[in-house]
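Read off the chains here:
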4 protein chains.
Amino acid sequence: MSKKQDIMAATLDLIDEEGLQSVTFAKIFKKANVGSGTIYNYFANKEELVNAVYREARLLMGEYLLKGYDPEASLYERFKCLQLNRLKFGMHHPKEFLFIDSFSFSPYISPELRDMDDAQNSREVILSLIIEGQKQGVFKEMDSHLCHQLIHGIISSILKGYYVQKYPLNEIQTQQVLEASWKAILV
Amino acid sequence: MSKKQDIMAATLDLIDEEGLQSVTFAKIFKKANVGSGTIYNYFANKEELVNAVYREARLLMGEYLLKGYDPEASLYERFKCLQLNRLKFGMHHPKEFLFIDSFSFSPYISPELRDMDDAQNSREVILSLIIEGQKQGVFKEMDSHLCHQLIHGIISSILKGYYVQKYPLNEIQTQQVLEASWKAILV
Amino acid sequence: MSKKQDIMAATLDLIDEEGLQSVTFAKIFKKANVGSGTIYNYFANKEELVNAVYREARLLMGEYLLKGYDPEASLYERFKCLQLNRLKFGMHHPKEFLFIDSFSFSPYISPELRDMDDAQNSREVILSLIIEGQKQGVFKEMDSHLCHQLIHGIISSILKGYYVQKYPLNEIQTQQVLEASWKAILV
Amino acid sequence: MSKKQDIMAATLDLIDEEGLQSVTFAKIFKKANVGSGTIYNYFANKEELVNAVYREARLLMGEYLLKGYDPEASLYERFKCLQLNRLKFGMHHPKEFLFIDSFSFSPYISPELRDMDDAQNSREVILSLIIEGQKQGVFKEMDSHLCHQLIHGIISSILKGYYVQKYPLNEIQTQQVLEASWKAILV
DNA sequence: TATGAATGAGGCTTCATTCAT
DNA sequence: TATGAATGAAGCCTCATTCAT
């Protein structure tokens with residue numbers, strides 16, 4: 001692994017372990033096993049480092065969200081695929097998920113980055129699906145962004161409870177969550 | 001207003017405006033109009049101050065959540081009351097809501113405080129209501145904490161979108177959100 | 001002496017001893033016997049500190065240059081007074097003189113400060129005197145700024161040689177220098 | 001041009017543009033178009049580099065000062081030649097002149113180097129000339145080093161004013177300056 | 001109780017220097 | 001000889017905290 005990747009991985013680990021506010025360069029250098037000046041060969045300052053870590057996490061998530069998405073499948077199948085992908089992403093990449101969730105609206109993250117297109121523009125896919133479902137009379141008529149926020153929020157919230165081990169998230173709970181988010185927006 | 005309250009109010013304002021990570025004592029002193037030593041008459045250190053602000057916000061929320069709650073009302077009425085109270089609290093106290101939401105799982109907040117009982121123990125009320133609904137066969141059988149997290153998460157997520165003005169939250173949207181959270185957990 | 005004055009005195013001493021480029025905060029704090037943060041109660045940063053030291057030195061010099069100046073005295077008396085004052089200032093305040101001489105054109109000193117009026121505007125007095133002498137046909141006709149630079153430069157140069165003990169500067173040498181600068185610009 | 005010369009030229013340019021205190025190796029490497037390690041093939045460290053640049057400037061000046069010097073010419077002619085050479089050197093090699101002037105008494109330059117003999121020992125020539133003039137009763141009796149410093153100082157000072165465009169230095173001003181320095185030391 | 005000058009540990013960053021290629 | 005990624009000592013500066021008033 002390159003020094004640059006070492007540094008970024010150590011940064012994400014530390015953010016997850018202690019929160020961004022307590023991540024210092026000293027901790028990063030120690031964990032990444034690099035000299036204190038090495039980071040400046042790759043990042044102009046701390047903010048750029050954090051933004052780079054954020055960008056990488058977003059790219060990873062963007063890839064993940066559309067895994068196995070079949071535009072020809074039924075509305076229900078497509079909905080479940082998107083929601084499951086998001087849930088699985090959070091379960092398999094907790095550090096990335098929490099970092100994105102916490103800092104998307106932090107002043108530490110530059111606005112352009114926050115609004116970056118995910119790898120394959122998953123947001124657009126989900127919004128289209130919502131509008132399609134509403135046109136078919138399957139989903140309740142409401143502001144599409146409100147609807148998006150709603151089903152997205154269910155996944156986020158469930159993941160946060162899972163992280164602190166409020167409950168397990170096995171196959172059965174996973175299905176319950178997907179069902180709940182589907183039913184929430186039905187007519 | 002007492003100096004203590006001045007300090008706590010200034011702290012919450014600053015956290016809301018700039019994020020906890022960039023709140024310094026110097027800014028608090030300036031905004032609260034007190035001398036730099038004054039705080040130590042009330043709080044042993046910065047962590048205690050932040051925890052006190054957190055505790056106050058939680059107490060305020062706890063009060064709010066059970067406003068107008070009638071234990072004799074129907075399951076549906078009681079559910080709607082609790083969800084609406086949470087939503088209204090977030091709308092009327094955005095600083096408090098966001099602070100609680102962001103820092104409930106932060107290492108900055110002591111664990112005992114995070115798990116504190118609200119003023120009138122609103123969490124217990126909600127959990128009881130969930131279990132009651134499940135026993136009646138109205139709510140789907142699932143882990144009650146999962147269920148709680150689910151309906152709580154819908155409100156939180158909707159509020160965050162509202163704060164960044166993704167959509168309005170008038171009477172009609174409010175009803176849609178309450179309906180969605182109700183339908184999400186029906187059998 | 002106040003902390004602020006301690007800091008400024010230590011800074012000037014260090015500049016004299018080691019040159020501005022090697023003056024570090026650590027050295028200043030040690031020599032001034034103050035904590036490392038104390039300086040920021042008085043100066044926003046290192047540049048402001050150095051500029052403040054420069055301003056003080058300029059004010060001191062400005063006062064000195066017009067000491068005992070009698071506008072009614074003869075041209076020769078007035079010329080000697082100004083030149084002697086400059087020489088005496090350099091002999092009695094070598095640190096201030098060298099600092100001003102070295103850094104007046106350094107980017108470290110802000111342009112407004114460099115062009116500040118001395119206490120009683122000694123530069124104007126000298127220039128007037130030069131022009132007056134030229135009108136009387138005593139001084140050679142030449143650009144007044146060139147003439148000013150010439151007689152000023154003699155003093156500066158003589159002082160620098162004195163500082164490194166190339167020669168003594170007793171009463172006799174002093175008179176020789178004043179005579180030389182007077183004769184240099186006669187018709 | 002060799003890499004070594006590239007490095008030295010870049011260093012002198014940068015010292016002239018920004019002052020020694022802000023010249024970093026990174027800037028030198030960039031301007032000289034060499035790799036960051038290359039310098040260490042030629043100079044053990046930064047101080048040696050700066051001293052080498054200083055030595056080169058001094059050699060260049062030493063050569064210049066005795067250009068066209070005719071030991072057989074009259075005292076006046078020889079004096080004018082030496083003074084004019086110094087003035088012309090400063091006008092044609094401002095970077096070298098200022099660097100020498102600023103750092104001759106800086107702790108950055110090693111004492112041996114500061115007192116180095118110029119290529120053809122111009123200092124000795126000037127001192128001899130002064131003593132000769134005094135013996136002839138043309139120059140005023142005074143410490144020869146004081147006298148040397150005096151006429152040298154006039155040239156230095158005039159050049160510094162010229163660099164900041166206080167006045168032009170055409171044929172007429174040049175002659176005025178030479179005359180002034182001659183008259184300054186006459187009996 | 002209220003103040004704010006003083007403190008110093010620790011933060012981020014720079015930059016001369018090394019060393020493997 | 002030429003390179004530049006890596007280094008870490010040391011620089012400047014911030015800020016929570018103390019203490020004399």
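Here the structure is a predicted model, which means the values were calculated and not measured.

Participant: Help me understand the side chain of C:Ser156 in this model?
Facilitator: Residues and elements named next belong to chain C. Counting through the fold element by element, Ser156 comes out in helix H8 (residues 144-163). When its relative accessible area of 7% is taken as the criterion, Ser156 is described as buried. With sequence-adjacent residues up to four places away left out, Ser156 is seen in contact with Phe97 and Asp101.

Participant: Would you explain the interface of chain B and chain A in this entry?
Facilitator: Interfaces are often sized by the amount of accessible area the parts lose when they come together. Counting residues at the interface gives 34 residues for chain B, matched by 35 residues for chain A. Regarding the contact of chain B and chain A, the summed buried area is about 2,900 Å², with carbon and sulfur atoms giving 63% of it. Summed over the three residues of chain B that lose the most area to chain A, namely B:Gln21, B:Leu146 and B:Gln149, the buried surface amounts to 21% of that side. Across the contact surface, chain B and chain A share 8 residue pairs in polar contact (both at pLDDT 80 or more). The set of elements that each furnish at least two residues to the side of chain B that touches chain A consists of helix H5 (94-103), helix H8 (144-163) and helix H9 (171-184) of chain B. If you tally residues by element for the side of chain B that touches chain A, the top one is H8(B), at 10 residues. The residue makeup of the side of chain B that touches chain A, split by class, is 18 nonpolar, 8 polar and 8 charged.

Participant: How do you make sense of the protein's contact with DNA strand F when you look at a structure like this?
Facilitator: Contacts to DNA strand F come from 28 residues, most closely from A:Thr38, A:Tyr42, B:Phe25, D:Ser36 and D:Tyr42. The share of sugar and phosphate among atoms of DNA strand F within 4 Å of the protein is 64%. Between DNA strand F and D:Gly35 there is a distance of 3.1 Å, counted from a phosphate oxygen to a backbone nitrogen or oxygen. In the model, a base nitrogen of DNA strand F is placed 2.7 Å from a nitrogen or oxygen of the D:Ser36 side chain.

Participant: So what exactly am I meant to see when it comes to the protein's contact with DNA strand E here?
Facilitator: If you check the shell around DNA strand E, you find 28 residues, and the closest are A:Phe25, B:Tyr42, C:Thr38, C:Tyr42 and D:Phe25. At the protein interface, 63% of the atoms of DNA strand E within 4 Å belong to sugar or phosphate. One of the side-chain N or O atoms of D:Tyr40 is found 3.3 Å from a sugar or linking oxygen in DNA strand E. Here the surface near DNA strand E is composed, by residue class, of 10 nonpolar, 14 polar and 4 charged.

Participant: Please explain the relation of the copies chain B and chain A as it appears in this structure.
Facilitator: Note: a rotation about an axis with an accompanying shift along it relates these two copies of the chain. Each copy superposes on the other: chain B lies on chain A with an RMSD of 0.3 Å after a rotation of 179° and an axial shift of 0.1 Å. Given the turn and translation reported, the copies of this chain are related as if by a two-fold rotation axis. Of the C-alpha atoms belonging to chain B, the one lying closest to the rotation axis is found on B:Ala184, 2.2 Å away. Taken together, the interface assignments show that 97% of the residues at the interface of chain B recur at the interface of chain A, consistent with an identical surface on both copies.

Participant: Would you explain helix H2 (residues 25-32) of chain A in this entry?
Facilitator: Each turn of an α-helix holds 3.6 residues, which means side chains three or four residues apart point in the same direction. Residues and elements named next belong to chain A. Taken together, the buried positions of H2 are occupied by Phe25, Ile28, Phe29 and Ala32. Looking straight down H2, one finds its buried side chains confined to an arc of 95°; they lie on one side. In H2, the exposed residues that point more than 90 degrees away from the buried face are Ala26 and Lys30. Buried residues along H2 sit in contact with helix H1 (3-18) and helix H3 (46-65). Looking one or two residues beyond H2, the residue adopting positive phi is Asn33, at roughly 60°.

Participant: How do you make sense of the relation of the copies chain C and chain D when you look at a structure like this?
Facilitator: With an RMSD of 0.3 Å, chain C superimposes on chain D once it is rotated by 179° and translated 0.0 Å along the axis. Taken together, the interface assignments show that 92% of the residues at the interface of chain C recur at the interface of chain D, consistent with an identical surface on both copies.

Participant: Can you help me understand the UniProt feature "DNA-binding region" (unreviewed entry) in chain A in this one?
Facilitator: The sites that UniProt annotates as "DNA-binding region" (unreviewed entry) are residues 24-43 of chain A. Annotation note: span residues 24-43 of chain A, helix share 40%, strand share 0%, distance between end C-alpha atoms 15 Å.

Participant: Would you take a moment to explain the packing of helix H4 (residues 75-92) of chain C against helix H9 (residues 171-184) of chain C for this structure?
Facilitator: A packed helix pair is summarised by two numbers, namely the angle formed by the two axes and the spacing between the axes. Residue and element names in this part refer to chain C. Axis separation between H4 and H9 bottoms out at 10 Å; the angle between their running directions is 125°. Between H4 and H9, the interaxial angle falls into the category oblique. For the pair H4 and H9, the sense of crossing is right-handed. The segment H4 lies against H9, with Leu75, Tyr76, Phe79, Lys80, Gln83, Leu84 and Leu87 engaging Thr174, Gln175, Leu178, Glu179, Ser181 and Trp182.

Participant: What is the right way to look at the interface of chain C and chain D in this model?
Facilitator: At the junction of the two partners, chain C supplies 36 residues and chain D supplies 33 residues. Counting the surface lost from both chain C and chain D, the interface buries some 2,900 Å², and carbon and sulfur atoms represent 63% of this. Considering only the surface of chain C that becomes buried against chain D, C:Gln21, C:Leu146 and C:Gln149 emerge as the three largest contributors, covering 22% of it. Between chain C and chain D we count 0 salt bridges in total. Across the chain C-chain D interface, the total number found is 8 residue pairs in polar contact (both at pLDDT 80 or more). Ranked by residue count, the leading element in the side of chain C that touches chain D is H8(C), at 10 residues.

Participant: What is the right way to look at the domain arrangement of chain A in this model?
Facilitator: Residue and element names in this part refer to chain A. The domain architecture assigned to chain A consists of domain 1 (1-42) and domain 2 (54-184). Each side of the interface is counted separately: domain 1 has 6 residues, and domain 2 has 7 residues. Together domain 1 and domain 2 conceal approximately 660 Å² of surface at their shared face, both sides included; 77% is due to carbon and sulfur atoms. Of all residues in domain 1, the largest losses of buried area upon contact with domain 2 belong to Leu12, Asp16 and Leu20, amounting jointly to 64% of the total for that side.

Participant: In this structure, what is going on with the packing of helix H4 (residues 75-92) of chain D against helix H5 (residues 94-103) of chain D? I would like to understand it.
Facilitator: Residue and element names in this part refer to chain D. Running from amino to carboxyl end, H4 crosses H5 at an angle of 110°, the nearest separation of the two axes being 5 Å. Comparing the axis directions of H4 and H5 gives the class roughly perpendicular. Across the interface between the two elements, Phe89, Gly90, Met91 and His92 from H4 touch Pro94, Glu96 and Phe97 from H5. Partitioned by chemical class, the residues of the contact of H4 with H5 number 4 nonpolar, 2 polar and 1 charged.

Participant: Sorry, what's going on with empty space enclosed by the protein here?
Facilitator: Any space left empty among the atoms is revealed by the rolling of a water-sized probe across them. Taken as a whole and judged by the stated rule, the model has 2 cavities of 30 Å³ or more. As a volume, the largest cavity reaches approximately 80 Å³. Every residue lining the largest cavity is listed: C:Phe79, C:Leu82, C:Gln83, C:Arg86, C:Ile126, C:Leu129, C:Ile130, C:His148, C:Ile151 and C:His152. Within the residue set of the lining of the largest cavity, elements represented by two or more residues are H4, helix H7 (122-135) and H8 of chain C. Among the elements that take part in the lining of the largest cavity, H4(C) stands out by supplying 4 residues, more than any other. Classifying every residue of the lining of the largest cavity by side-chain character gives 6 nonpolar, 3 polar and 1 charged. The computed volume of the second largest cavity comes to approximately 30 Å³. Looking at the lining of the second largest cavity, the elements with two or more residues in it are helix H4 (75-92) and helix H7 (122-135) of chain A.

Participant: How should I be thinking about the pattern of salt bridges in this particular structure?
Facilitator: Where charged atoms from two side chains of opposite charge come close, those side chains can pair. For the coordinates displayed, the defined rule picks out 24 salt bridges over all chains. As a salt-bridge pair, B:Lys95 and B:Asp13 come within 2.6 Å of each other at their nearest N and O atoms. Taken as a pair, B:Lys95 in helix H5 and B:Asp13 in helix H1 (residues 3-18) lie far apart in primary sequence, 82 residues in all. The salt bridge partner of C:Glu179 is C:Lys80, with a shortest N-O separation of 3.0 Å. Within this pair, whereas C:Glu179 is found in helix H9, its partner C:Lys80 is found in helix H4, the two being separated by 99 residues in sequence. When its relative accessible area of 23% is taken as the criterion, C:Glu179 is described as partly exposed.

Quick notes on the rules
Residues numbered from 1 in each chain as written. Chains lettered and ligands numbered in written order. Predicted model: local features only at pLDDT ≥ 70, side-chain atom pairs only at ≥ 80, totals over all residues. Heavy atoms only, no water. Helix = DSSP H or I, 4+ residues; strand = E, 2+ residues; numbered from the N terminus. Buried < 20%, exposed > 50% of the residue type's maximum accessible area, 1.4 Å probe, protein only. Contact = heavy atoms within 4.5 Å. Buried area = accessible area lost by both parts, 1.4 Å probe. Polar contact = N/O pair within 3.5 Å; in protein donor to acceptor, adjacent residues only side chain to side chain. Nonpolar A, V, L, I, M, F, W, Y, C, P; charged D, E, K, R; others polar. Near = heavy atom within 4 Å. Least-squares fit on C-alpha atoms with pLDDT ≥ 70 in both. Arc of directions from axis to C-beta. UniProt positions renumbered as here; feature names shortened; annotations may be inferred. Axes fitted to C-alpha atoms, helices over the stretch in contact; angles between N-to-C directions. Parallel < 35°, antiparallel > 145°, perpendicular 65-115°, else oblique. Left-handed = near helix turned anticlockwise from the far one by under 90°. Salt bridge = Lys/Arg side-chain N within 4 Å of Asp/Glu carboxyl O. Domains from an automatic or database assignment. 1 Å grid on protein atoms, 1.4 Å probe; cavity = no way out; pocket = protein on both sides within 12 Å on 5 of 7 lines; lining within 4 Å. Points joined across faces, edges and corners; volume = space filled by probe spheres on them.

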